[in-house]
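# Observations on the model geometry
Here is what each chain is made of, one letter per residue.
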Amino acid sequence: MIEVKNLVKRYGDHLAVDHLSFQLDKGKIYGFLGPNGAGKSTTMNMMTGYLSATEGEILIQGHDILKEPKAAKKCIGYLPELPPLYMEMTVREYLDFAAELVGLSGKNKRDQVENVMELVKVFDVQQRLIRNLSKGYRQRVGLAQALLGYPDILILDEPMVGLDPQQIIEIRELIRDLAKEHTVILSSHILGEVSELCDEILIISKGKLVASGTPEHLEEMMKGAGSLELLVKGTEREAREILGGVPGIRQIDCASGREEGTVQLTLQPEEGQDIREAVFWAFARGERPLLSLAAARRTLEDVFLEVTGGEEEQEDAGDL
């Protein structure tokens, strides 16, 4: 459905997108994840034809976005981070205007405008001025605009930004509903939202694709690398002596336990090592009660920090 091949975007000496390649299939919600300035918005602007690429190729349903822009753009509905709304228009006036821009007229225009208003639940506010709507309703109007023409692909740039918790829940459910009929691509730096909504995630850092897969797959990438938390009855010296015979431990951190006569330990295993069973039996043989043993669960946030280096980047020129 979408193929991005060796995509490059330069602004002078600044490389905003660095030889990016990926393929997106039909019927899924894809998440673009990355630090601020990682190149997410620049990539999406090139995918929609708002920006030209320095190098590379973007195919939308087989149409090159630069060589066949009209055919490619018919397949795409786009909601920028700041929706292009006219505040002095009513919702109905704005959507009628947007429908004409995508070539709709007559009964077809009227039917589509009414259908998308019903779909995104703004039908009841169609006669209100957009300036008088809440942020959540403005996002809905922006989504309605993106749906006109019934494109196969929806590209949403930071659709949750600036929304309160209730509005986030409403827009999240709306995106899920839209995904039943459309392929949805959304960018975000909100890890929880991407993990909650997306079938597959692409993590971008410094303009490069550094990891991709389902949320579960990305978390599985870190399996075995997580720390192990222990609460042991005894002293730190006794615990360290017992752990000295367990292979695969890279680091041991100790602190006094909350219960009297206990010690809290954090074990960092060597890469790819699962030491839980060996640790359990070591304390059993040493006759030291192991009161608790728990592996720290690696989350999408851990993967994100791991693959991006945990650093916020400077904004790229495409996001200014």
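This text follows the structure it describes.
An account of the accompanying structure is given in this report. Given the structure is predicted, the values throughout are model-derived calculations rather than measurements. (Residues numbered from 1 in each chain as written. Predicted model: local features only at pLDDT ≥ 70, side-chain atom pairs only at ≥ 80, totals over all residues. Heavy atoms only, no water.)

## Concerning the environment of Thr262
One can find Thr262 in strand 13 (residues 262-269). Given a relative accessible area of 9%, Thr262 falls into the buried group. Along the primary structure Thr262 and Gly234 are separated by 28 residues, whereas in three dimensions their C-alpha atoms are 5.3 Å apart. A distance of 2.6 Å separates the side chain of Thr262 from the backbone oxygen of Glu259, its partner in a polar contact. (Helix = DSSP H or I, 4+ residues; strand = E, 2+ residues; numbered from the N terminus. Buried < 20%, exposed > 50% of the residue type's maximum accessible area, 1.4 Å probe, protein only. Polar contact = N/O pair within 3.5 Å; in protein donor to acceptor, adjacent residues only side chain to side chain.)

## Side note on the side chain of Ser187
Topologically, Ser187 is positioned in strand 8 (residues 183-188). Taking relative accessible area as the criterion, Ser187 reaches 0% and is therefore assigned buried. If sequence neighbours within four positions are ignored, Ser187 has contacts with Phe32, Lys40, Met44, Leu156, Asp157, Glu158 and Pro159. (Contact = heavy atoms within 4.5 Å.)

## Some points on empty space enclosed by the protein
Considering all chains together, one arrives at one cavity of 30 Å³ or more under this definition. For the largest cavity, the calculated volume is near 60 Å³. Lining the largest cavity, in full, are Met46, Leu51, Ser52, Ala53, Gly56, Glu57, Ile58, Asp64, Ile65 and Leu66. Looking at which element gives the most residues to the lining of the largest cavity, the answer is strand 4 (residues 55-60), with three residues. In the lining of the largest cavity, the residues fall into six nonpolar, two polar and two charged. (1 Å grid on protein atoms, 1.4 Å probe; cavity = no way out; pocket = protein on both sides within 12 Å on 5 of 7 lines; lining within 4 Å. Points joined across faces, edges and corners; volume = space filled by probe spheres on them. Nonpolar A, V, L, I, M, F, W, Y, C, P; charged D, E, K, R; others polar.)

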